[in-house]
Amino acid sequence: MSVSVPLKAALRGRCGVCSEGKLFEGFLTLKSRCDHCGQDFTVADTADGPAFFVGFFIMIVLAPFYFILPVAEIPISAKVLGYGVVLAATVGLAYWLLPLAKAVLFNLQIYHRAEQAQFEDQAPK
Ligand SMILES: [Zn+2]
């Protein structure tokens with residue numbers, strides 16, 4: 001299987017192992033296991049990784065607008081409208097991208113059976 005399998009499944013919110021079972025039971029809450037293949041979803045944890053990547057992406061894309069609007073030579077009403085649009089884009093992008101980023105990171109973890117790093121002398125034998 002290629003690495004695109006878990007990525008394509010993530011874009012559809014599906015399990016990274018079988019590509020069939022749903023990942024989420026809530027907006028960002030994962031199910032405890034896959035309904036289709038039985039994959040245990042508690043073996044991996046994305047922690048704050050999705051928020052980190054999404055936050056930085058949004059900052060890189062939209063931060064220039066927050067700096068340009070105050071110095072732009074446009075009427076104050078246009079600035080207020082501009083801030084409204086940029087704020088809505090910030091919130092909208094965050095809500096749209098967070099589940100996708102979480103699904104991608106989670107699917108890559110379970111697909112590659114990634115685990116938390118351990119010292120060799122503390123690893124289970
Ligand atoms: Zn599955």
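Below or above, wherever it landed, is the structure these notes cover. (Residues numbered from 1 in each chain as written. Predicted model: local features only at pLDDT ≥ 70, side-chain atom pairs only at ≥ 80, totals over all residues. Heavy atoms only, no water.)

This next bit is on the overall build of the protein chain. When you go through the protein chain residue by residue, the secondary structure sums to three helices and zero strands. Along the chain direction, N to C, the helices and strands of the protein chain fall in the order α-α-α. Here the C-alpha atoms of the protein chain give a radius of gyration of 19 Å, more than 25% beyond the 14 Å that 2.2 N^0.38 yields for 125 residues. Counting only C-alpha atoms, the protein chain reaches 65 × 35 × 25 Å along its principal axes. Relative to its 125 residues, the protein chain shows a buried fraction of 30%. Sequence separation of at least 24 residues holds for 56% of the intrachain contacts in the protein chain that already meet a minimum separation of 6. Averaging the locations of the 10 positively and 10 negatively charged side chains of the protein chain gives two centres separated by 9 Å. (Helix = DSSP H or I, 4+ residues; strand = E, 2+ residues; numbered from the N terminus. Rg over C-alpha atoms; globule rule 2.2 N^0.38 Å. Buried < 20%, exposed > 50% of the residue type's maximum accessible area, 1.4 Å probe, protein only. Contact = heavy atoms within 4.5 Å. Lys, Arg positive; Asp, Glu negative; His and termini not counted. Charge placed at Lys NZ, Arg CZ, Asp CG, Glu CD.)

As a further point, take the coordination of the zinc ion. Protein coordination at the zinc ion comes from Cys15 (SG), Cys18 (SG), Cys34 (SG) and Cys37 (SG), with a distance range of 2.3 to 2.4 Å. Note that the zinc ion binds four donor atoms; their angles at the metal cover 105 to 112°, and the shape is tetrahedral. Coordination of the zinc ion draws on donor residues from a single chain, spaced C-x2-C-x15-C-x2-C in sequence. Classification of Cys34 as buried rests on a relative accessible area of 3%. Taking relative accessible area as the criterion, Cys37 reaches 38% and is therefore assigned partly exposed. (Donors = N, O, S within 2.8 Å, 3.2 Å for Na, K, Ca; no water. Tetrahedral: all angles 85-135°; square planar, octahedral: opposite > 155°, others 65-115°.)

Our next topic: the side chain of Gln39. With respect to the helices and strands, the residue Gln39 is situated in the loop between helix H1 (4-11) and helix H2 (49-71). Of the residues examined, Gln39 reaches a relative accessible area of 12% and is grouped as buried. Discounting chain neighbours no more than four positions away, the residues touching Gln39 are Cys15, Val17, Ser32, Arg33, Cys34, Ile110 and Arg113.

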